[in-house]
Amino acid sequence: VQLQASGGGLVQAGGSLRLSCAASGLTFSMNVMGWFRQAPGKESEFVAGITRSGDGTSYADSVKGRFTISRDNAKKMVYLQMSSLKPEDTAIYYCAARGDIYRAIPVTSGAYEYWGQGTLVTVSS
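Residues numbered from 1 in each chain as written. Predicted model: local features only at pLDDT ≥ 70, side-chain atom pairs only at ≥ 80, totals over all residues. Heavy atoms only, no water.

1. Some points on the overall build of the protein chain
Moving on, step 1. Scanning the protein chain from N- to C-terminus turns up 0 helices and 11 strands.
Moving on, step 2. Sequence-ordered secondary structure for the protein chain, helices as α and strands as β, is β-β-β-β-β-β-β-β-β-β-β.
Moving on, step 3. Relative to its length of 125 residues, the protein chain is compact, with a C-alpha radius of gyration of 13 Å against a globular reference of 14 Å.
Moving on, step 4. Each principal axis of the C-alpha distribution contributes one length, and for the protein chain these read about 40 × 25 × 25 Å.
Moving on, step 5. For the protein chain, the proportion of its 125 residues judged to be buried stands at 46%.
Moving on, step 6. Nonlocal contacts in the protein chain, meaning residues at least 24 apart in sequence, comprise 59% of its contacts between residues at least 6 apart.
Moving on, step 7. Taken as a whole, the protein chain presents about 6100 Å² of accessible surface, with 48% of it coming from carbon and sulfur.
Moving on, step 8. Mean positive and mean negative side-chain charge positions of the protein chain (12 and 9 charges, respectively) differ by 5 Å. (Helix = DSSP H or I, 4+ residues; strand = E, 2+ residues; numbered from the N terminus. Rg over C-alpha atoms; globule rule 2.2 N^0.38 Å. Buried < 20%, exposed > 50% of the residue type's maximum accessible area, 1.4 Å probe, protein only. Contact = heavy atoms within 4.5 Å. Areas by Shrake-Rupley, 256 points an atom, 1.4 Å probe, with all protein chains shown as cover. Lys, Arg positive; Asp, Glu negative; His and termini not counted. Charge placed at Lys NZ, Arg CZ, Asp CG, Glu CD.)

2. A word on the nonpolar core
Moving on, step 1. Core analysis: the biggest nonpolar cluster contains 30 residues, and Trp 35, Leu 80, Met 82 and Tyr 93 have the highest contact counts within it.
Moving on, step 2. For this core, the secondary structure elements donating two or more residues are β1 (2-6), β3 (17-24), β4 (33-38), β5 (45-50), β7 (67-72), β8 (77-82), β9 (91-97) and β11 (119-124).
Moving on, step 3. Counting 6 residues, the second largest nonpolar core, distinct from the first, contains Val 32, Phe 36, Phe 46 and Ile 105. (Core = buried A, V, L, I, M, F, W, Y, C linked by side-chain atoms within 4.5 Å.)

3. Here's the deal with the pattern of salt bridges
Moving on, step 1. Enumeration according to the criterion identifies 4 salt bridges in this entry.
Moving on, step 2. Ionic pairing is found between Glu 45 and Arg 37, a salt bridge with its closest N-O pair at 2.6 Å.
Moving on, step 3. We note a salt bridge from Asp 89 to Arg 66, for which the minimum N-O separation is 2.7 Å. Of the two residues, Asp 89 sits in the loop between β8 and β9 while Arg 66 sits in the loop between β6 (57-59) and β7, which places them 23 residues apart along the sequence.
Moving on, step 4. Residues joined in a network through salt bridges with shared partners are Arg 37, Glu 45, Arg 66 and Asp 89. (Salt bridge = Lys/Arg side-chain N within 4 Å of Asp/Glu carboxyl O.)

4. Some words on the side chain of Asn 31
Moving on, step 1. Along the chain, the position of Asn 31 falls in the loop between β3 and β4.
Moving on, step 2. What makes Asn 31 buried here is its relative accessible area of 2%.
Moving on, step 3. In terms of polar contacts, Asn 31 uses its side chain to reach the backbone carbonyl oxygen of Arg 98, at 2.6 Å.
Moving on, step 4. When sequence neighbours within four positions are dropped, the list of residues in contact with Asn 31 reads Leu 26, Arg 52, Arg 71, Ala 97, Arg 98, Gly 99 and Asp 100. (Polar contact = N/O pair within 3.5 Å; in protein donor to acceptor, adjacent residues only side chain to side chain.)

5. Let's talk about the environment of Met 82
Moving on, step 1. Within the secondary structure, Met 82 sits in strand β8.
Moving on, step 2. In this structure, the C-alpha to C-alpha distance between Met 82 and Arg 66, residues 16 residues apart in sequence, is 6.1 Å.
Moving on, step 3. Once you skip the residues sitting within four places of it in the chain, Met 82 turns out to touch Gly 15, Ser 16, Leu 17, Leu 19, Arg 66, Phe 67, Tyr 93 and Val 121.

Interpretation in functional terms is not warranted from these geometric data alone.
Right, here's the structure in full:
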């Protein structure tokens, strides 16, 4: 299984970025997907998750209304559209996949079985 995240970079506060995660080795359409982030010196935190069909999403309160998670099962891709970025959004962003028997979107990292390598997002003030 491979999850390859991309799209990170340096952006000014108020700007936008779109992260992508390409999956391989998974059925994908049977996997709940999530995005997590880890800022320097802080613990990993849940950002957003999406159900297998894409008809349900969940967001951390800190990003609600600014970030949008989506997926394309045909392409085995999951996306995180980030808008109105703030300096506190600076972190390494990871995509993650649950095992294919699960339907819920958990917020705990331990519930996700597969992880990508992360992509760095830096928001300057």
